Amino acid sequence: MEKKTVIHWFRKGLRIHDNPALLAAIEEAVKSSSALRPIFILDPLILTWMRVGPNRWRFLQQSLDQLNENLTKIGSKLYVIRGTPENVFKRIFKDWNISYITYEYDTEPYAKRRDALIEQLAHEANIRIESEISHTIYNTQLVIKKNGGKAPLTMQKFLSVVDSMSKPPIPVPAPTKIPEICKPTLDSFEKENPHCYDCPTLLELKVNEKNLNACKFPGGETEALNRLNKILLKKSWICNFEKPNTSSNSLEPSTTVLSPYLKFGCLSSRLFYYEINKIISGQKHSKPPVSLIGQLMWREFYYTVSSDTPNFDKMVGNPICCQVPWDTNEKHLEAWTYGKTGYPFIDAIMRQLRQEGWIHHLARHAVACFLTRGDLWISWEEGLKVFDELLLDSDWALNAGNWMWLSASAFFHQFFRVYSPVAFGKKTDKFGDYIKKYVPELNKYPVDYIYEPWKAPLSVQTKAGCLIGKDYPKRIVIHEDVYKVNISKMSLAYKNNKTNDNNKQKGESSKESEPAAKKMKKVSKSTNTTKSDSKKSKQTSLTKFLKK
DNA sequence: GGAGCAGTTGGTGCA
DNA sequence: CTGCACCAACTGCTC
């Protein structure tokens, strides 16, 4: 009989620092003189259905490599096991004589289902299983409890709730040397194939290295800590940080780019939180929601709301999401996705996203507004899918939450504030250097036309070697026309939502009211000017009110 | 229950 | 260059 084995199961949390579940596993292994096997499960099926672009596969591959390195340094290693979690556990329950399993708690619905299944299996096999909270700074369930059983739906409310709670747990140190006695022997698979638990290569992850761009943000815990430590040196920058004042289109990132490391858990959000707090305490400093701590609080906020909201990543069946009759337009969606809208600022952002896997938060605002309520009137769920594929930091809760925010579907409601695909970028890059970098076909354009190349006279276009409509697309919509129509469509969607909500509350059948989508089509044809339309709607709501 | 205010990050035009 | 009113007018929260 194989000697007893203790498992720590890595999923997110790809680090050894501030990893309480890993520490618990080590402690148990030492105490019971068991073998310690830290594992990561690589499900080959996921390679076929998950929306993960090559940049993020590379980031994961690098993160696993560094995790294995860091585990090796303390006398262990990472066992990467191929298969579905269910099949993998069924097999190792038998082969490894497992007595105890630990993992980091995960709030995502997919993860909750997965973990419930494994907990059930462990229970049936009489194996102890324990999870620790360390992906978020706060325990999301406690935040919800403190707020009366519901997730706070505004940032201010969230901040007041966490302020009234006790300070979050202090990060735990990384483990040091693991005793020899906890070293596992080779199992029968390893005897046949000594490399069967090795970290995956890019080839195994079906990434064609030839298609990859230069790696700007390498994955892994060591990279994460190096990046954090460099930032921590900039004390006055940290104290003065205000997100809205950072640039969406500088040639090098104007923010920390720690998000991919937080997403995979290469960096502990609690460590980041405590290190920043150390620096700002006793100093004059910016405050949430715009400060660096505020950025972490936004992450907590979305994690908390998403854990408490059904269908959080969808419009239909999502109780906090405004139901909007978005259009489908394959051509426009494709133009947006590949950076061919004819708006250089928008296209530069979308191309940077595809190449590098990271774009500034405000750049995300500009393209998200453009896709949804601003210009194209396409569902935020389509944008979410593209971001999910291409972002290194794509995080289920944050991605859906921010898409709802930008499309004014939840959290944010001032839908009449629309980003201009021309004016917004000019504020921080008046010469268009960012555009020239990512949309190189325009790099000979004079500064007067770089944001609006369709305005360039033919002679200028010829001289710059780039004809609009041939070498660079003609803009696919006229922003100054469509955004006004879209504002009034949004206004109507809000009104319909309100009536539907009221009907629901009264317990009336919603079938009686005309479906929102039908109403919308009628109106969008007749909306020429915002003024007359909104006056009309004001009147109708007033008469309705008087009739009551 | 209604008024008033605030809400991480809009754009434009004018003083 | 900065500050401000205006655009038309949203929701959630507080009092």
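Here the structure is a predicted model, which is why all the values come from computation and not from measurement. (Residues numbered from 1 in each chain as written. Chains lettered and ligands numbered in written order. Predicted model: local features only at pLDDT ≥ 70, side-chain atom pairs only at ≥ 80, totals over all residues. Heavy atoms only, no water.)

Participant: How would you sum up the overall build of chain A? Please name residues and give values.
Facilitator: A tally of regular secondary structure across chain A gives 24 helices and five strands. Taken over C-alpha atoms, the radius of gyration comes to 26 Å for chain A, in line with the 24 Å a tight globule of 548 residues would show. Seen through its C-alpha atoms, chain A measures out along the principal axes to roughly 80 × 65 × 50 Å. Out of the 548 residues in chain A, the part that is buried amounts to 53%. (Helix = DSSP H or I, 4+ residues; strand = E, 2+ residues; numbered from the N terminus. Rg over C-alpha atoms; globule rule 2.2 N^0.38 Å. Buried < 20%, exposed > 50% of the residue type's maximum accessible area, 1.4 Å probe, protein only.)

Participant: Could you give an account of the protein's contact with DNA strand B, with specific residues and numbers?
Facilitator: By nearness alone, 20 residues border DNA strand B, and Gln156, Pro244, His365, Val418 and Ser420 come closest of all. Within 4 Å of the protein, atoms of DNA strand B come from sugar and phosphate in 43% of cases. Pro244 places a main-chain nitrogen or oxygen 2.9 Å from a base oxygen of DNA strand B. Interatomic distance of 3.2 Å between a side-chain N/O atom of Lys427 and a phosphate oxygen of DNA strand B. Contributing elements (two or more residues each) for the surface near DNA strand B: helix H7 (155-163), helix H13 (292-306), helix H16 (361-374) and helix H19 (423-426). No other element matches H16, which puts three residues into the surface near DNA strand B. Class assignment for the residues of the surface near DNA strand B results in 11 nonpolar, six polar and three charged. (Near = heavy atom within 4 Å. Polar contact = N/O pair within 3.5 Å; in protein donor to acceptor, adjacent residues only side chain to side chain. Nonpolar A, V, L, I, M, F, W, Y, C, P; charged D, E, K, R; others polar.)

Participant: Can you tell me about the side chain of Thr5, naming the residues and giving the values?
Facilitator: Looking at where Thr5 falls in the secondary structure, it is placed in strand S1 (residues 5-10). Residue class for Thr5 comes out buried when judged on its relative accessible area of 0%. In contact with Thr5, other than residues within four places in its own chain, are Ser34, Ala35, Arg37, Trp96, Asn97, Ile98, Ser99 and Tyr100. (Contact = heavy atoms within 4.5 Å.)

Participant: Just give me the short version of the environment of Phe301, but keep the residues and values in it.
Facilitator: With respect to the helices and strands, Phe301 occurs in helix H13. For Phe301, a relative accessible area of 1% corresponds to the buried category. Taking C-alpha positions, Phe301 is 41 Å from Val447, a pair spaced 146 residues apart along the chain. Apart from residues no more than four positions distant in its own chain, Phe301 is found in contact with Pro152, Leu153, Thr154, Met155, Phe158 and Phe411.

Participant: Just give me the short version of the packing of helix H4 (residues 85-96) against helix H5 (residues 109-124), but keep the residues and values in it.
Facilitator: For the pair H4 and H5, the least separation of the axes is 10 Å and the interaxial angle reads 20°. In terms of orientation, H4 lies roughly parallel with respect to H5. The interaxial crossing formed by H4 with H5 has right-handed handedness. Listed contacts from H5 to Pro85, Glu86, Phe89, Lys90 and Phe93 of H4 are Arg114, Leu117, Ile118, Leu121 and Ala122. For the contact of H4 with H5, the residue count by class is seven nonpolar, no polar and three charged. (Axes fitted to C-alpha atoms, helices over the stretch in contact; angles between N-to-C directions. Parallel < 35°, antiparallel > 145°, perpendicular 65-115°, else oblique. Left-handed = near helix turned anticlockwise from the far one by under 90°.)

Participant: An account of the environment of Lys112 is needed here, citing residue identities and associated values.
Facilitator: By the secondary structure assignment, Lys112 is in helix H5. Judged by relative accessible area, Lys112 falls into the partly exposed class, the value being 34%. Lys112 sits 183 residues away from Gln295 along the chain, and the two C-alpha atoms are 25 Å apart. Excluding residues within four positions of it along the chain, Lys112 makes contact with Tyr105, Asp106, Thr107 and Ser307.

Participant: Describe in detail the environment of Val477, supporting the description with residues and values.
Facilitator: You can see Val477 is positioned in the loop between helix H21 (458-463) and helix H22 (479-506). Assessed through its relative accessible area of 10%, Val477 is described here as buried. C-alpha of Val477 to C-alpha of His332: the two residues are 145 residues apart in sequence and 9.0 Å apart in space.

Participant: Explain helix H18 (residues 396-406) to me, using residue names and the numbers behind them.
Facilitator: Listing the buried residues of H18 in full gives Ala397, Asn399, Ala400, Gly401, Trp403, Met404 and Leu406. Where the residues of H18 are buried, they touch H13, helix H14 (330-337), H16 and helix H17 (380-390). Once H18 ends, the next one or two residues include Ala408, with phi positive near 60°.

Participant: Account for the sheet that holds strand S5 (residues 128-132), naming residues and giving values.
Facilitator: Judged by pairing direction, the sheet is parallel, and its five strands sit side by side in the order S3-S2-S1-S4-S5 without closing on themselves. Two strands close off the open sheet at either side, each with one partner strand: strand S3 (79-82) and S5. Sheet twist, expressed as the average angle between the axes of neighbouring strands with direction ignored, equals 30°. Across the sheet, helix H1 (residues 20-31) touches S1, strand S2 (35-42), strand S4 (98-104) and S5, and the angle it forms with S4 is around 160°. (Pairing = 2+ DSSP bridges.)

Participant: Describe unusual backbone geometry, naming the residues involved and giving the relevant values.
Facilitator: In this chain, Pro288 is followed by Pro289 through a cis amide linkage whose omega measures 5°. Although it is not a glycine, Trp377 adopts a positive phi angle of roughly 55°. Mapped onto the elements of the fold, Trp377 is located in the loop between H16 and H17. We classify Trp377 as buried; its relative accessible area is 1%.

Participant: So what about the packing of aromatic side chains? Which residues, and what values?
Facilitator: Aromatic ring pairs are reported here in terms of the distance separating the ring centres and the angle at which the planes meet. Per the counting criterion, the structure on display carries 33 aromatic pairs. Relative to Trp403, the ring of Trp336 lies with its centre 6.0 Å away and its plane at 70°, an arrangement referred to as edge-to-face. Of this pair, Trp336 sits in helix H14 while Trp403 sits in helix H18, and the two are 67 residues apart along the sequence. Of the two residues, Trp336 and Trp403, neither departs from the other in class, the shared state being buried. Among the aromatic residues, those joined into a cluster by ring pairs are Phe158, Trp298, Phe301, Tyr302, Trp405, Phe411 and Phe412. Over the aromatic face of Trp9 sits the side chain of Arg11, whose NZ or CZ is 4.5 Å from the ring centroid. Over the face of the ring belonging to Tyr100 we find Arg128, whose NZ or CZ atom lies 4.3 Å from the ring centre. (Phe/Tyr/Trp six-rings, centres within 6.5 Å; stacked < 30°, edge-to-face > 60°. Lys NZ or Arg CZ within 6 Å of the ring centre and 35° of its normal.)

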